[in-house]
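# Report on the structure
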Amino acid sequence: MTHVNPYYVNLKDSFLFYETKMQATAFEAAHPERRLLRLGIGDVTLPLAPVVIEALHRAVEEQAHWETFQGYMPELGKEFMKEAAAANYARRGVRIDPEEVFVCYGIGDDLGSIGGLFDRENRVGVVEPAYPAYVDTNIMAGREIIPISGTEENGFLPLPYPGLEAELVYLCSPNNPTGAAYSKAQLQKWVDWANEQGAVLIFDAAYEAFITDPEVPHSIYELPGAKNCAIELFSLSKSAGFTGTRLGYTVVPKALIREGKSLQAMWVRNRSTCTNGVSYLLQRAGEAALTEEGLRQSRASLGVYRKNAEILTSALDSRGIRYFGGQNAPYIWLRCPGQMDSWTFFSYLMEKAGVVGTPGVGFGACGEGWFRFSCFSTPEDTAEAAKRLLEVL
Ligand code: MLT
């Protein structure tokens, strides 16, 4: 008899965004006359930058001719894409060796596999509310989860505390879902704690492109000591509209050593065994997105999403609803009105206003009573959603 993974019984029945999508789909089937406005999953709505589209066309053309045709890609990423990533860090004064960059299809994929570097016995601290895959991937691996709770009192930016026992800690800043962002001084506390403890930080930088505050670091490697303790995950999904195109990279610094082993070398071993590389076409698209011109063109879309945030926050302001985020981040994290719990507010909003958001409790127990709006919808749908919110709140 085959033995199945015994840890799956410890997972919630379904993944948060799968559950909200099922509920919204069931609602639409029952009410075909209603049009739902989607402010739930953070899926972008604006097209790719023209330089990215041109790079994709060029790469497709190259695949049509034997002189330029590309077969398997290097498992760790094509050199031009690794160099584009390193150059992106250099713009912020951070020196990353292209050998420390591992190109992937996006953070979701590497979140699922990065745990392969670590023993099951490690305890996993998760700064919550958090993207639920940090927790679920570690539950699947049988690891103990230590929630590190964000609250209204700590501004949803918890810091290491005496007695915190964890060997791995997941952080996301600017945070999904709360939009709260650690300052350099705050993030330095996590770096110092990890170096003192010999812990490893897994830092999710998916939302760095939304930062406007100069005190907020775009990369954990802006902080002294971070290369000795942190792995950084980066994605073009939100910064350059790649949710349906897919491209990201993971940085594992050579200076990250635990138990005498180089995690960078272990990740080379892992990737060269477990992947056949990322599509040439997408790496050319990613390279184009990270040029000065690509970044400039993507900023226009980011401006539209920022405007969406303003529209939604001004509706909340006019109803006196407490919220975090909307600045430095494409998410707004609001207190459910009338003491409603997160799922009750989810149903209330869908039924009364035809607006779909994400229940805060899905991001961890400390998210109960909170709710998340994504600012990635179209400006038209966002304006309509704000109007409907004003009617029902
Ligand atoms: C979210 O809505 O939290 C994100 O879009 C999920 C993701 O990046 O996979």
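Okay, so let's go over this structure. Per-chain numbering applies: the sequence of each chain, read as written, is numbered from 1 onward. Reporting in this predicted model follows two pLDDT cut-offs: at least 70 for local features of residues, and 80 or more for side-chain atom pairs to be given and counted; totals over whole chains, interfaces and linings ignore these cut-offs and use all residues. In computing side-chain properties, one takes all heavy atoms of the structure into account and sets aside hydrogens as well as water.

### Some details on the overall build of the chain
Selection criterion: Numbering of helices and strands runs from the N terminus, with a helix taken as a DSSP run of H or I at least four residues long and a strand as a DSSP run of E at least two residues long. Only C-alpha atoms enter the radius of gyration; for comparison, a globular chain is expected to reach 2.2 Å times N to the power 0.38, where N is the number of residues. Burial status follows relative accessibility: with a 1.4 Å probe on protein chains alone, a residue under 20% of its type maximum counts as buried, one over 50% as exposed, and anything between as partly exposed. Any pair of residues with heavy atoms lying within 4.5 Å of one another is described as a contacting pair. Exposure was quantified through the Shrake-Rupley algorithm and a 1.4 Å probe, taking into account, for residues, occlusion by the shown protein chains and nothing else. Working convention for charge: Lys and Arg count positive, Asp and Glu count negative, and His plus the chain ends are omitted. Throughout, a charge is located at the NZ atom of Lys, the CZ atom of Arg, the CG atom of Asp or the CD atom of Glu.
A count of helical and extended segments in the chain gives 11 helices and 15 strands. The globule rule puts the C-alpha radius of gyration for 393 residues at 21 Å, and the 21 Å found for the chain is close to it. With the principal axes as the frame, the chain shows a C-alpha extent of 55 × 55 × 55 Å. In the chain, which comprises 393 residues, the proportion classed as buried is 54%. Excluding contacts between residues fewer than 6 apart, the proportion of contacts in the chain whose partners are at least 24 apart in sequence is 75%. With the model as given, the accessible surface of the chain reaches about 17,100 Å², and the carbon-plus-sulfur share is 53%. Distance between charge centroids for the chain: 2 Å, based on 36 positive and 47 negative side chains.

### Let's talk about the sheet that holds strand β2 (residues 101–104)
Just so we agree on the cut-off: Think of it this way: DSSP has to see at least two bridges between two strands before they count as a pair. As a rule, the C-alpha atoms of each element are fitted with a line to give its axis, helices using only the stretch in contact, and angles between N-to-C directions run from 0 to 180 degrees.
Here seven strands make up an open sheet; going across it, the order is β2-β8-β7-β6-β5-β3-β4 and the pairing mixed. Here the strands that pair on one side only, and so sit at the sheet edges, are β2 and β4 (145–149). This sheet shows a mean twist of 20° between the axes of neighbouring strands, independent of strand direction. Relative to strand β6 (residues 200–204), strand β5 (residues 168–172) is paired through five bridges, and the arrangement is parallel. Considered in β6, the bridge of leucine 168 is made with valine 200. Where helix α3 (residues 79–90) meets the sheet, its contacts fall on β2, β7 (230–235) and β8 (248–251), and the angle it forms with β8 comes to roughly 70°. Lying over the sheet, helix α7 (residues 263–274) contacts β2, β7 and β8, oriented at roughly 30° with respect to β2.

### Overview of helix α2 (residues 50–63)
Heads up, the condition is: Each residue after the first adds 1.5 Å to the expected span of a helix. Along the arc lie the directions from the helix axis toward the C-beta atoms.
Its 14 residues give α2 an end-to-end C-alpha distance of 20 Å, which sits within 8% of 20 Å, the value for a rise of 1.5 Å per residue. Along α2, the residues that are buried comprise Val51, Val52, Ala55, Leu56 and Ala59. Projected down its long axis, α2 carries its buried residues within an arc of 140°, all on one side. Facing away from the buried side of α2 by more than 90 degrees, the exposed set consists of His57 and Arg58. Next to the buried residues of α2 lie α8 (280–289) and α9 (292–318).

### Examining empty space enclosed by the protein
To keep things clear, this is the line we draw: Cavity means a closed set of points on a 1 Å grid over the protein atoms alone, one where a 1.4 Å probe fits but cannot get out, pocket means an open set with protein on both sides within 12 Å along at least 5 of 7 lines, and lining means a residue has an atom within 4 Å of a point. Grid points are joined across faces, edges and corners, and a volume is the space filled by probe spheres set on the points. The residue classification treats Ala, Val, Leu, Ile, Met, Phe, Trp, Tyr, Cys and Pro as nonpolar and Asp, Glu, Lys and Arg as charged. All others, Gly included, are polar.
Summed over the entire model, instances satisfying the criterion amount to one cavity of 30 Å³ or more. Forming the boundary of the largest cavity are Phe210, Tyr305, Arg306, Ala309, Gly326, Gln327, Asn328, Ala329 and Pro330. In the lining of the largest cavity, the residues fall into five nonpolar, three polar and one charged.

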